[in-house]
Structures are given as structure tokens and as C-alpha cells.
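# Tertiary structure, described
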Amino acid sequence: MRDVLTVATVALVVGFIAAIGLGGQAEFRHAAELVETQPREPSTFVELVPGGRRLSDRYYVDFRGEETEVDYGVLIRDPHPGLMVDVVQDPENPSHIIVAGTPDDWTETPEGPILMWGFGALGGLVTASIAGLKFVPERTEPLLIKLIDALGGFVRWLTRFRRRLD
């Protein structure tokens, strides 16, 4: 029973991390498609509000005479009040305004999914070690050895994959 709890805990954590990563990838692709297909509108950068507890900064522009929060504000280089930036509006959700950036900003790199799965594996390793200590203390060492070997194999694969890309 304890083995099942350990495996279920690890699967839940890795699945949760993967779901967050896949959702982020889907949002990025949707935003990239909008930037590619929708007309760009010049707007004036108004304000950058540091993230604080929110973790991410908030960027505001004057869009059609109204101060509006924009997504992907990190694409604004040297944000200062009065700077002109191009934005696009999501036709399905008019309150969703995206900073257009440059075409290179919207090029998806293979590192994104690889990093997502790497963080999933790391999260699984940490969770497995904690769950192993909690549920199956006598089997923790073999479990950790298997997980570390699997992570090492992933890193070796990632290294070969990166060499092929270069």
C-alpha cells in the first residue's frame, strides 16, 4: 500500500508540473498566432508595476485612450513612460492585449518543453524522496538511486539533443 502512495504522489506532482507547462506552451502559441495574424496598433507605454508577491511585473499601456494591462510586457525593451509599443488585441477576448515584440520574440525554442519535463523530473525526484522517506523508509535508498539514474539518463539525452541542434 505504501508503494502505491509513493508512486501516486510522484505521479500527481509530475502531472501537475506537466499540466502547468503544457498550459503555458498553449498560451504562448496562441499569443504568437495572434501577433502574427492580428493588426498591430501603436500604444503608449504608461507604467510598470513591480510584481512583489504576485511574482510577475504588470505592464500598462494607453490603448485606445484607456490604461490597459498587457500580456508579455517583458518584451518591451527599456520600458519608460511615453515609449511607443505595438500591441495586438485578441478578437475573441477584447480585454486580452498582447505586446507584439519582434518576430524573434515569438520563435518557440526546443528548450521550453525540455525544461518543463526537466522540472517535472526534478519535482518527481524531490517528491519521490520525500514520499519515500514518509511512506517507505526502508526502500528509500533504492528508489532514490533509480530516480537519480533516470535523471542522469535524461541529462545525457538532453546533452546529445542540444549538440544536434547546434
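Quick note: structure is the one above.
Throughout what follows, the structure given in this document is the object of discussion.

What counts, and at which threshold
Residues numbered from 1 in each chain as written. Predicted model: local features only at pLDDT ≥ 70, side-chain atom pairs only at ≥ 80, totals over all residues. Heavy atoms only, no water. Helix = DSSP H or I, 4+ residues; strand = E, 2+ residues; numbered from the N terminus. Buried < 20%, exposed > 50% of the residue type's maximum accessible area, 1.4 Å probe, protein only. Contact = heavy atoms within 4.5 Å. Salt bridge = Lys/Arg side-chain N within 4 Å of Asp/Glu carboxyl O.

Now for the environment of Val-49. Relative to the helices and strands, Val-49 is located in strand S1 (residues 41–49). A relative accessible area of 19% means that Val-49 is categorised as buried. Separated by ten residues in the primary sequence, Val-49 and Tyr-59 have C-alpha atoms spaced 6.4 Å apart. Among all residues touching Val-49, those that are not within four sequence positions of it are Asp-57, Arg-58 and Tyr-60.

Under the defined criterion, the tally for this structure stands at two salt bridges. When the shortest N-O distance is used, the salt bridge between Glu-41 and Arg-64 registers 2.5 Å. Here Glu-41 is found in strand S1, whereas its partner Arg-64 is found in the loop between strand S2 (58–63) and strand S3 (66–70), with 23 residues between them in sequence. A relative accessible area of 56% places Arg-64 in the exposed class. In this structure, Asp-105 and Arg-77 form a salt bridge, with 2.8 Å as the shortest nitrogen-oxygen distance. In this pair, Asp-105 sits in the loop between strand S5 (93–99) and helix H2 (111–135) while Arg-77 sits in the loop between S3 and strand S4 (84–90), placing the two residues 28 residues apart along the sequence. You can call Asp-105 buried: its relative accessible area is 16%.

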